[in-house]
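# Structural overview
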Amino acid sequence: MNAASIIVLSVVLLAVAVACYFIVKRKPNTDCSSGCGGCNTKNCPSRK
Amino acid sequence: MLLKDLKIGESAVVEKVGGEGALRQHLLDMGMIPGTELTLMKFAPMGDPMELRIHGYLLTLRLADAENIEVRRIDAESEHTDTKRKLREEYPYYESLHDHNAHPGFGEEGKFHSKKDENPLPKGTKLTFALVGQQNCGKTTLFNQLTGAKQHVGNFPGVTVDRKDGVILGHNDTLVTDLPGIYSLSPYTAEERVARSVIMEEQPKAIINIVDASNIERNLYLTVQLMELGIPLVLALNMMDEVRNNNGSIRVNELEKILGIPVVPISAAKNEGVEELVEHAIHVAKFQEKPARQDFCRKDESGGAVHRSIHSIMHLIEDKAEKAKIPVRFATLKLIEGDNLILEALDLSPREKDTLEHIISQMEEERGLDRSAAIADMRYAFIQKLCEQTVVKPQESKEYLRSRKVDRVLTGKWSAIPIFLAIISLVIYMSIELLGAPLQSLLENGIALLSDFADRSMASRGVSDAVRSLVVDGVFGGVGSVLSFLPIIIILFFFLSLLEDSGYMARIAFVMDKPLRKLGLSGHSIVPLLIGFGCSVPAIMATRTLSSTNDRKRTILLTPFMSCSAKIPIYVFFAGTFFPDHAGLVVVLLYLLGVVVGLITALVTKKLYRRTEAAPFVMELPNYRFPQAKNVGHLLWDKSMDFVKRAFTVIFVASVAIWALQTFDFQLNMVQNAADSMLAKVSGVVAPLFVPMQLGDWQIVTALVTGFIAKEMVVSTLGVLDVVSVITPLTAIPMLVFCLLYTPCVAAIASVNRELGAKWALFIVILQCAVAWVCAYLSYLLATLFF
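Thresholds applied
- Sequence order as written defines residue numbering, which begins from 1 separately in each chain.
- Ligands are numbered from 1 and chains lettered from A, in the order in which they are written.
- Reporting in this predicted model follows two pLDDT cut-offs: at least 70 for local features of residues, and 80 or more for side-chain atom pairs to be given and counted; totals over whole chains, interfaces and linings ignore these cut-offs and use all residues.
- As a rule here, side-chain values come from all non-hydrogen atoms in the structure, and water together with hydrogens is ignored.
- Only runs of H or I of at least four residues qualify as helices and only runs of E of at least two qualify as strands under DSSP, and these elements are numbered from the N terminus.
- All radius of gyration figures rest on C-alpha atoms, and the globule criterion is 2.2 Å times the number of residues raised to 0.38.
- For every residue, the accessible area obtained with a 1.4 Å probe (protein chains only) is divided by the maximum for its type, and the residue is called buried under 20%, exposed over 50%, and partly exposed between those limits.
- Whether two residues touch is decided by their heavy atoms; if any such pair falls within 4.5 Å, the residues are in contact.
- Only the protein chains shown count as cover for residues, with accessible areas throughout obtained via the Shrake-Rupley method and a probe of 1.4 Å.
- None of His or the chain ends enter the tally, which takes Lys and Arg as positive and Asp and Glu as negative.
- Positions of charges follow a simple convention, taking NZ of Lys, CZ of Arg, CG of Asp or CD of Glu.
- Residues with no salt bridge and a relative accessible area higher than 30% make up the patches, which join like charges within 9 Å and nonpolar side chains (Val, Leu, Ile, Met, Phe, Trp, Tyr) within 5 Å.
- Only one rule defines a salt bridge in this text: a Lys or Arg side-chain nitrogen within 4 Å of an Asp or Glu carboxyl oxygen.
- A helix is expected to span 1.5 Å multiplied by its residue count minus one.
- Should DSSP find at least two bridges between two strands, the strands are taken to pair.
- Helix axes are fitted to C-alpha atoms over the stretch in contact, other axes to C-alpha atoms as well, and angles between N-to-C directions run from 0 to 180 degrees.
- Think of pLDDT as the predictor's per-residue confidence, scored from 0 to 100.
- To pair, rings of Phe, Tyr and Trp, with the six-membered ring standing in for Trp, must have centres within 6.5 Å; the planes then decide the type, stacked if under 30 degrees apart, edge-to-face if over 60, and tilted in the middle.
- The rule is short: NZ of Lys or CZ of Arg within 6 Å of the ring centre and within 35 degrees of the ring normal puts a charge over the ring.
- The sense of a crossing depends on the near helix, which, turned anticlockwise from the far helix by less than a right angle, makes the crossing left-handed and, turned clockwise, makes it right-handed.
- All amino acids are sorted into three groups, where Ala, Val, Leu, Ile, Met, Phe, Trp, Tyr, Cys and Pro are nonpolar, Asp, Glu, Lys and Arg are charged, and the leftover types, Gly among them, are polar.
- Polar contact is the term for a pair of N or O atoms within 3.5 Å; when the atoms are in protein, one must be able to donate a hydrogen and the other to accept it, and sequence-neighboring residues count only if both atoms are side-chain atoms.
- When an angle is under 35 degrees it counts as roughly parallel; over 145 it counts as roughly antiparallel; between 65 and 115 it counts as roughly perpendicular; any other value is oblique.

### So, the overall build of chain B
Within chain B one finds 33 helices and 14 strands. The C-alpha radius of gyration of chain B comes to 30 Å, within 12% of the 28 Å expected for a compact globule of 787 residues. Taking the principal axes of its C-alpha atoms as reference, chain B extends roughly 95 × 60 × 55 Å. Counting across all 787 residues of chain B, residues that qualify as buried make up 59%. Look at the contacts in chain B between residues 6 or more apart in sequence, and 74% of them connect residues 24 or more apart. As displayed, chain B has an accessible area near 31,700 Å², and 59% of this comes from carbon and sulfur atoms. Taking the 79 positively charged and 86 negatively charged side chains of chain B as two groups, their mean positions are separated by 1 Å.

### Regarding the overall build of chain A
Assigned secondary structure in chain A consists of one helix and zero strands. Looking at chain A as a whole, 33% of its 48 residues qualify as buried. Only carbon and sulfur atoms are counted for the fraction: they give 67% of the accessible area of chain A, which is about 3,100 Å².

### Focus: a nonpolar patch on the surface
Residues and elements named next belong to chain A. Taken together, the side chains of Leu14, Val18, Tyr21 and Phe22 define a hydrophobic patch exposed on the protein surface, amounting to about 420 Å² of accessible area. Take Leu14: it is sitting in helix H1 (residues 3-25). With a relative accessible area of 58%, Leu14 lands in the exposed category.

### Quick notes on helix H17 (residues 436-460) of chain B
For an α-helix, the turn length of 3.6 residues means that residues three or four places apart are oriented alike. All names here are of chain B. Over its 25 residues, H17 runs 36 Å from end to end, which matches the ideal 36 Å to within 8%, given 1.5 Å per residue. Listed in full, the buried residues belonging to H17 are Gly436, Gln440, Ile447, Ser451, Ala454 and Met458. Just beyond H17, the residue with positive phi is Gly462, at close to 75 degrees.

### Description of the sheet that holds strand S12 (residues 263-265) of chain B
Residue and element names in this part refer to chain B. Judged by pairing direction, the sheet is mixed, and its six strands sit side by side in the order S7-S8-S6-S9-S10-S12 without closing on themselves. Each having just a single partner strand, strand S7 (164-166) and S12 make up the two edges of the open sheet. Looking at each pair of strands side by side, their axes are set apart by 25 degrees on average, direction ignored. In the sheet, S7 pairs with strand S8 (residues 174-178) via three bridges, with the strands oriented antiparallel. Each bridged residue has a counterpart across the sheet, and for Lys164 the counterpart in S8 is Asp178. Contacting strand S6 (127-133), strand S9 (206-212) and strand S10 (233-238), helix H6 (residues 216-228) crosses the sheet at an angle of about 165 degrees to S9. Where helix H9 (residues 274-286) meets the sheet, it contacts S6, S8, S9, S10 and S12, and its direction lies at approximately 120 degrees from that of S6.

### Here's the deal with helix H26 (residues 629-648) of chain B
All names here are of chain B. In this model, H26 (20 residues) spans 28 Å end to end at C-alpha, consistent with the 28 Å of a helix rising 1.5 Å per residue. Residues of H26 that are buried: Asn631, Val632, His634, Leu635, Leu636, Ser640, Phe643, Arg646 and Ala647. Those residues of H26 hidden inside the fold are in contact with helix H18 (465-483), helix H19 (486-502), helix H27 (650-663), helix H30 (712-721) and helix H32 (746-756).

### Some details on unusual backbone geometry
Residue and element names in this part refer to chain B. Cis geometry marks the peptide bond from Asp48 to Pro49; its omega dihedral reads 0 degrees. The residue Pro49 is located in the loop between strand S2 (37-43) and strand S3 (50-54) in this model. Of note in this structure, Asn271 is not a glycine but carries a positive phi near 60 degrees. Relative to the helices and strands, Asn271 resides in the loop between S12 and H9. Since its relative accessible area comes to 43%, Asn271 is described here as partly exposed. Backbone geometry at Leu668 places phi at a positive 60 degrees, although glycine is not the residue there. Considering the arrangement of structural elements, one finds Leu668 in the loop between H27 and helix H28 (678-686).

### Points about the confidence of the model for chain B
Residue and element names in this part refer to chain B. Per-residue pLDDT for chain B averages 83, and the proportion of residues at 70 or more is 90%. In this model, residues 97-111 is a region of pLDDT below 50 whose contacts with residues beyond four sequence positions or in other chains number 30 contacts. Interface confidence for the predicted complex, given as ipTM, is 0.71, next to a pTM of 0.74.

### Observations concerning the packing of aromatic side chains
Residues and elements named next belong to chain B. Taken as a whole, this structure holds 13 aromatic pairs over all chains when the rule is applied. Through pairs of rings, three or more aromatic residues link up here, namely Phe533, Tyr571 and Tyr591. Over the face of the ring belonging to Tyr624 we find Arg507, whose NZ or CZ atom lies 4.0 Å from the ring centre.

### Some thoughts on the pairing of strand S4 (residues 57-61) of chain B
All names here are of chain B. Within S4, five of the five residues are buried, which leaves it mostly tucked inside the rest of the structure. A two-sided burial pattern is seen for S4, the buried positions comprising Tyr57, Leu59 and Leu61 on one face and Leu58 and Thr60 on the other. Summarising the sheet, S3 and S4 pair through five bridges and their orientation is antiparallel. Note on S4: the bridge partner recorded for Ile54 is Tyr57. Adjacent in sequence and paired antiparallel, S3 and S4 are bridged by two residues, among which His55 carries a positive phi angle near 50 degrees. Of the pairings in the sheet, the one linking S4 to strand S14 (residues 619-620) comprises two bridges and is antiparallel in character. Across the sheet, residue Leu59 finds its bridge partner in S14, namely Glu620.

### A look at the packing of helix H23 (residues 549-558) of chain B against helix H25 (residues 583-608) of chain B
All names here are of chain B. Axis separation between H23 and H25 bottoms out at 9 Å; the angle between their running directions is 145 degrees. You can see that H23 and H25 cross each other, and the crossing is right-handed. Contacts between H23 and H25 involve Arg554, Leu557 and Leu558 on the former and, on the latter, Gly598, Thr601, Ala602, Thr605 and Lys606. Tallied by class, the residues present in the contact of H23 with H25 amount to three nonpolar, three polar and two charged.

### Quick word on the confidence of the model for chain A
Per-residue pLDDT for chain A averages 66, and the proportion of residues at 70 or more is 52%. Overall, residues 27-48 of chain A carries pLDDT values under 50, and its contacts beyond four positions in sequence, including any with other chains, amount to 54 contacts.

### Description of the sheet that holds S4(B)
One open sheet holds the six strands; their spatial order is S5-S1-S2-S3-S4-S14 (chain B), and the pairing between them is antiparallel. Across the chains shown, the open sheet's two edge strands, defined by having one partner strand only, are strand S5 (69-74) and S14 of chain B.

### Examining the environment of Arg625(B)
Residues and elements named next belong to chain B. Mapped onto the secondary structure, Arg625 falls in the loop between S14 and H26. What makes Arg625 partly exposed here is its relative accessible area of 22%. Along the chain, Arg625 and Thr549 lie 76 residues apart, while their C-alpha atoms are 31 Å from each other. Of note is the side chain of Arg625, whose polar atom sits 2.3 Å from the side chain of Glu242.

### Observations concerning the pattern of salt bridges
All names here are of chain B. Enumeration over the complete set of coordinates arrives at 26 salt bridges over all chains. Ionic pairing is found between Glu228 and Arg379, a salt bridge with its closest N-O pair at 3.4 Å. One end of the pair, Glu228, is in helix H6; the other, Arg379, is in helix H14 (residues 371-390), with 151 residues separating them in the sequence. No difference in accessibility class separates Glu228 from Arg379, as the two residues are buried.

### Observations concerning the packing of H17(B) against H18(B)
Residues and elements named next belong to chain B. It is at 10 Å that the axes of H17 and H18 come closest, and there the two elements cross at 170 degrees. Taken together, the axes of H17 and H18 are roughly antiparallel relative to one another. Where H17 abuts H18, its residues Leu443, Ile447, Leu450, Ser451, Ala454, Asp455, Met458 and Ala459 lie against Arg468, Val471, Val472, Phe476, Gly480 and Leu483. Among the residues making up the contact of H17 with H18, the classes are represented as 10 nonpolar, two polar and two charged.

Here you go:
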């Protein structure tokens, strides 16, 4: 494998790592850890 | 007579509001109280629900619910005058609080409080604000102006279903929370419970109460309840530009003198008055200036029964309310209204409970109204008189007159349903065929050129075949093929946002209530179902506006059958490849099939569920408005960015993973024949299930499996694996049907899990896969007759 191949491969793998980071980091927008905001999801403390 | 027996155009005075529980309280909160005048405007095209005009706004109500309301028809014009005169005589004017309280010069910066009593919050305290208002009064528009955020707004009651926090621009020590729209602080709907808990548990330093000035009477109903909480409050009169344009005006200074809170006229959409509002909000929060008036009952009003009962209960529970940290006035009124949550929180002794019941019963007897109606009547009486003193009402707003004209056609008896079907078909046709297809092929060609360029560049630099294949087949083949569908998705969301922003979405709910009720759903369910054509995730979240849990569950069950925009690439790909002459027809038939299967599922689940009585349909119909370019722009930007992010995260990673799985075998050797790859072996396990419809090929099964990650992946996998050669027009049909109906993507399943729990999520996955398999097999059998 020549240098160009290694560079391209590294770039792709780095991009995959960054994408994985963003996938894992992404929080659902109904997160109520900072207090109840009306998400009304199954764990919502305000839900009857 | 009963309200349901009223004829179109007739007016009547409400005599009695029957029924019980949440619906009754909601009706009272909406202003349907004894003595109120209303006019029947029209019936929905199928004869139910009805549209009423009350307190100057339009309210929809089912005939079954209208059966509980007794009215007296007003036959002559003189009676209108009589009702108004009686009101004037019965209720006294309210004096300004200006002369006998310690708040000189309300509304003037720096003069809210007397200097000697001032007790500002310590420096550095974070000033937290709750943004509270009734539905569709412009809260989110104001929130966006305050914080510079780009939250989605729409001309439909209940757009905000999530909590949104943001810092006010230029004031880093502030935090404002946008709450869902509520009509009152009763604990009956999820939104009301949430707003109450945020205000009472999180104790914001102040409340910014936004009201629709063009519909001020009903909006102030929430204001007086917020004032009872004793939290610093500033009132923002929104849409003042509309009021002025219709020759109306509000005597702001007088209004704030009577209420004892700062009142700021604004136009959130035009960003007028927002700066002044911020100054006042920060001021009341910093100096903790509580509303000067909390007493809305009068000794001389209707015999004074309500006044006496409120004040005696306040004395009775004062210590318990202090202990429970609930404002005593608020607790008293909620106790009278029969609010069990407050009753539990106060922990009254049996004797206190007895006394409470005696006082309330005495009040009911003397006042001649039941407890809830008496309190609602007291509040509305105050508001009505307040408005008489401070509001110069415009005769009839231009927006209202325009809406009536438009509604004659869009919700007309014969025209409503054909127009609804025509609009939806047009939206789909324009998005996919007319505008979307050319733009999509343009983008596709661009991506192909880029891919070609990258391939040639790498070849000239001697990059190895495996790495080239990774970039060209894996990255460009996977991400590129999905990205090319961006124009179609943008155009679809553009039209959906126009429908919502204009106010037509609310009319669709009104028109479709009766047919949906036959399926055990309510008209409100149509909104999540329509959003489902865009994306199942926001559609599932939109079900939060449905008040009944049963409605929510069944709407969520049906939503994935509404073909989402991520499936468009699959349809366009297959229809274009195998049925080029009838591509548009094939796509429309698929959409219809999704709807039909959804309807059948609804009917079946209706039979299975014993309790399928639809939730009440009490909704305000907003005036039609011209969609604002800024709102539509924000929405399109959000959706596009969301799609692009997905393409470069989930789909990118999955494409690379699939490329790796189909390029290597289990010993990590590069395979010459893709059939020896890991992917082929794994997919081979599931493949027999699809043999009956001739879809047992491992490449096809792989494409379907990757569709679980995201539906766009089906096409990108087909691109990576070059599957077209193994599909024929005969097998394309069951493939399309299966793709239409089988389980939505991981994101949608995660949403179901969040809303209803893991059991329901699993149930929906299994049910939809089973339905998809059966329908695909049936479509295959049908297709064999033609191919």
